[in-house]
Protein chains: 2
Amino acid sequence: MDSAIGVIDSGVGGLTVAHELIRQLPKEHLIYLGDTLRCPYGPRSKEEVRKFTWEMVEYLLRKKIKMLVVACNTATAFTLTELQEELTIPVIGVIQPGARAAIKNTNNGHIGVIGTEGTISSNAYPEALKDIRSDIHVNAQACPMFVPMVEQGILSGDEAKQVVEETLRPMKEKNHLDTLILGCTHYPLIKDTIQEVIGSHVTVISSSEETARETSTILEFHNALYKGKRIPNHQFYATGELATFSKITEEIFKTSTANFQTVSIEKAVIC
Amino acid sequence: MDSAIGVIDSGVGGLTVAHELIRQLPKEHLIYLGDTLRCPYGPRSKEEVRKFTWEMVEYLLRKKIKMLVVACNTATAFTLTELQEELTIPVIGVIQPGARAAIKNTNNGHIGVIGTEGTISSNAYPEALKDIRSDIHVNAQACPMFVPMVEQGILSGDEAKQVVEETLRPMKEKNHLDTLILGCTHYPLIKDTIQEVIGSHVTVISSSEETARETSTILEFHNALYKGKRIPNHQFYATGELATFSKITEEIFKTSTANFQTVSIEKAVIC
């Protein structure tokens with residue numbers, strides 16, 4: 001197989017990034033590795049996250065990837081800089097692309113960010129935003145109920161709406177935002193509900209879509225986009241049991257699997 | 001002065017890219033050079049455009065730029081690849097960023113592109129789109145009245161609307177588009193009128209906004225974004241007479257000049 005884009009995540013959230021990569025770059029091969037066995041990374045120490053991330057990276061490097069996408073907020077916050085310094089292939093994370101898209105979009109400079117408790121307490125989004133534009137007002141809020149809800153498959157309907165409404169009430173009451181970053185790769189799965197609750201005057205930015213967009217930018221810049229004609233092969237690996245992983249993969253890719261030549265889902269043994 | 005982002009254009013159109021760079025990257029210094037003396041580039045031969053573009057590039061390299069933005073569609077089509085190969089600093093053009101943003105946005109795969117006759121006949125946008133996604137349907141149309149209208153300062157009102165309506169009628173009648181790329185750096189100045197005419201169901205993509213976004217991506221990727229605190233200095237140069245150039249610069253930057261410490265507009269002698 002020609003060189004592929006490698007995607008790593010602590011579990012299934014990064015599949016929304018993989019989905020966007022396949023939608024925006026439909027000629028590229030993809031190799032996805034989700035560390036479902038040791039998910040979530042959020043509550044783990046920096047050293048543990050670094051160790052697990054490097055194990056995943058080494059697994060993918062053996063499969064000859066041409067670029068690495070760190071599709072996990074925690075792993076991005078803890079390892080992006082060292083991966084970029086040490087690997088010879090381009091590496092991007094999920095935080096900066098969302099931040100940059102929000103800066104492009106905002107008119108009033110008031111940007112909201114929602115994510116897991118780990119991501120919000122890391123302060124990575126406000127830092128990324130203020131690195132570029134010091135005068136941005138950031139309203140960051142952890143949404144601890146969202147990931148468990150998504151992982152139970154509750155993506156729309158009354159129950160989803162109620163959870164999202166209650167969670168986002170403090171953010172809505174401030175009422176200044178014109179842009180909201182979905183700072184967790186699970187959240188694009190409930191984007192419609194979030195958009196409905198936060199209101200149509202707020203642009204909701206999916207860090208998954210934006211990360212795929214920037215992967216395209218970086219690959220083109222390195223003259224590494226595949227520009228010929230082919231139907232790609234994708235490989236999905238998980239470190240834990242495959243039943244749930246396969247089901248979620250199928251759910252996310254239901255509209256596009258027809259375009260795949262082969263999709264293999266295999267168990268990865270990396271630890 | 002610390003190293004700046006260099007922007008070149010055949011004239012004033014690239015000022016919309018400069019404006020977006022200043023909006024999205026407000027800590028960066030900018031050096032803009034418009035070849036107003038020899039504008040437009042559209043009807044010129046490839047060799048002439050290459051010669052003039054290299055003269056502009058050499059002028060900016062002497063001023064120590066850290067990245068080059070080719071904010072002119074014609075110059076991008078004719079020189080981007082060789083500039084990227086020969087310069088040691090990152091170089092981007094205006095075509096690929098707009099194409100990539102359209103691919104991210106489209107749901108139905110029907111993308112419209114409008115530009116000058118030169119840009120449309122070069123086929124650069126359809127090629128950039130199909131390089132990435134072969135199944136995109138591209139509806140490209142030249143709008144020869146738009147640049148002269150913008151250069152006369154007619155940006156809104158009945159006259160502008162009538163010209164835009166008549167020009168875009170063939171594109172509107174096909175009625176399939178969900179995304180329209182403004183493939184000319186003058187067009188963001190009449191974006192509101194174009195949006196009104198084409199309809200709210202079509203997302204209008206400004207290649208100026210998208211080029212600024214990708215400049216941010218590439219600079220961050222090269223660890224070359226300025227992340228400290230400072231008020232930037234910008235320099236604007238034109239090869240022709242300065243009166244009109246200064247007036248248009250002022251028009252485009254009217255909402256943001258308050259943030260500039262100094263803006264110098266000088267005559268560039270490059271030929």
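Parameters and conventions
- Residues numbered from 1 in each chain as written.
- Chains lettered and ligands numbered in written order.
- Predicted model: local features only at pLDDT ≥ 70, side-chain atom pairs only at ≥ 80, totals over all residues.
- Heavy atoms only, no water.
- UniProt positions renumbered as here; feature names shortened; annotations may be inferred.
- Least-squares fit on C-alpha atoms with pLDDT ≥ 70 in both.
- Contact = heavy atoms within 4.5 Å.
- Axes fitted to C-alpha atoms, helices over the stretch in contact; angles between N-to-C directions.
- Helix = DSSP H or I, 4+ residues; strand = E, 2+ residues; numbered from the N terminus.
- Parallel < 35°, antiparallel > 145°, perpendicular 65-115°, else oblique.
- Left-handed = near helix turned anticlockwise from the far one by under 90°.
- Nonpolar A, V, L, I, M, F, W, Y, C, P; charged D, E, K, R; others polar.
- Buried < 20%, exposed > 50% of the residue type's maximum accessible area, 1.4 Å probe, protein only.
- Pairing = 2+ DSSP bridges.
- Phe/Tyr/Trp six-rings, centres within 6.5 Å; stacked < 30°, edge-to-face > 60°.
- Domains from an automatic or database assignment.
- Buried area = accessible area lost by both parts, 1.4 Å probe.
- Salt bridge = Lys/Arg side-chain N within 4 Å of Asp/Glu carboxyl O.
- Polar contact = N/O pair within 3.5 Å; in protein donor to acceptor, adjacent residues only side chain to side chain.

Going by the annotation in an unreviewed UniProt entry, the name recorded for chain A is Glutamate racemase, with Lentibacillus populi given as the source organism. In the Pathway (unreviewed entry) part of its UniProt record, chain A is described as follows: "Cell wall biogenesis; peptidoglycan biosynthesis." Regarding chain A, the relevant UniProt record gives this comment under Sequence similarities (unreviewed entry): "Belongs to the aspartate/glutamate racemases family."

Trainee: What am I meant to see in the relation of the copies chain A and chain B here?
Mentor: Each copy of the chain is related to the other by a rotation around an axis and a translation along that axis. It takes a turn of 180° to lay chain A on chain B, together with a shift of 0.0 Å along the axis; the resulting RMSD is 0.0 Å. The transformation just described matches what one would write down for a two-fold rotation axis. Most of the interface of chain A is mirrored in chain B, where 100% of its interface residues are also at the interface.

Trainee: Sorry, what's going on with the packing of helix H1 (residues 15-24) of chain B against helix H10 (residues 207-221) of chain B here?
Mentor: Each pair of packed helices can be summarised by the angle the axes make with each other and by the distance between the axes. Residues and elements named next belong to chain B. Two numbers describe how H1 lies on H10: the axes approach to 8 Å, and their chain directions differ by 50°. When the axis of H1 is compared with that of H10, the two are oblique. The handedness of the crossing between H1 and H10 comes out as right-handed. Counting all contacts with H1, which are made through Thr-16, Val-17, Glu-20, Leu-21 and Gln-24, the residues of H10 involved are Ser-208, Glu-209, Thr-211, Ala-212, Arg-213 and Thr-215. Along the lines of polarity and charge, the residues of the contact of H1 with H10 split into three nonpolar, five polar and three charged.

Trainee: I'm lost on the environment of Gln195(B) in this one. Help?
Mentor: Residues and elements named next belong to chain B. Looking at where Gln-195 falls in the secondary structure, it is placed in helix H9 (residues 191-198). On the basis of relative accessible area, Gln-195 is assigned to the partly exposed category, the value being 25%. Considering only alpha carbons, one finds Gln-195 and Lys-64, 131 residues apart in sequence, at a separation of 39 Å. Contact partners of Gln-195, with chain neighbours within four places excluded, come to Ser-200, Val-202 and Val-204.

Trainee: Please explain the sheet that holds strand S8 (residues 203-206) of chain A as it appears in this structure.
Mentor: Two strands in a sheet stick together by hydrogen bonds in their backbones, pointing the same way (parallel) or opposite ways (antiparallel). Residues and elements named next belong to chain A. Ordered in space as S6-S5-S7-S8, the four strands form an open sheet in which the pairing is parallel. For this open sheet the edge positions go to strand S6 (137-142) and S8, each flanked by a neighbour on one side alone. For this sheet, the mean angle separating the axes of adjacent strands, direction not counted, is 20°. By the bridge criterion, four bridges tie strand S7 (residues 179-182) to S8 in an arrangement that is parallel.

Trainee: Please clarify how the packing of aromatic side chains should be interpreted in this entry.
Mentor: For any pair of aromatic rings, geometry is given as the distance between the ring centres together with the angle between the planes. Tallied over the entire structure, the rule returns ten aromatic pairs over all chains. A network of ring pairs unites the aromatic residues Tyr32(A), Phe236(A) and Phe245(A) as a single cluster.

Trainee: Help me understand the UniProt feature "active site" (unreviewed entry) in chain A, please; the structure alone is not making it clear to me.
Mentor: Residues and elements named next belong to chain A. Under the feature "active site" (unreviewed entry), the UniProt entry names Cys-72 and Cys-184. For the annotated residues, spread through 113 residues, the largest C-alpha to C-alpha distance comes to 7.7 Å, consistent with a single compact locus. Among the structural elements, Cys-72 can be located in the loop between strand S3 (65-70) and helix H3 (73-86). Look past the residues within four positions of Cys-72 in its chain and what remains in contact with it is Ile-8, Asp-9, Ser-10, Tyr-41 and Val-94. Topologically, Cys-184 is positioned in the loop between S7 and helix H9 (191-198). Discounting residues that sit within four places of it in the chain, Cys-184 has contacts with Asn-73, Ile-114, Gly-115, Thr-116, Val-147 and Ser-207.

Trainee: Is there a simple way to explain the domain arrangement of chain A in this structure?
Mentor: In many reports, interface size means the accessible area that the parts give up when they come together. Residues and elements named next belong to chain A. Domain parsing of chain A yields domain 1 (4-93 + 210-267) and domain 2 (95-207). Summed over both sides, the interface between domain 1 and domain 2 buries roughly 1,400 Å², with carbon and sulfur atoms accounting for 56% of that surface. In terms of surface lost to domain 2, no three residues of domain 1 exceed Asn-73, Glu-210 and Glu-214, which account for 39% of the buried area on that side. Here domain 1 is connected to domain 2 by one salt bridge. Between Glu-214 and Arg-100 there is a salt bridge; the shortest N-O distance is 2.8 Å. On inspection of domain 1 and its partner domain 2, the count reaches eight residue pairs in polar contact (both at pLDDT 80 or more). Elements supplying a minimum of two residues to the side of domain 1 that touches domain 2: helix H1 (15-24), H3, helix H10 (207-221) and helix H11 (242-252). The greatest single-element share of the side of domain 1 that touches domain 2, amounting to four residues, is contributed by H3.

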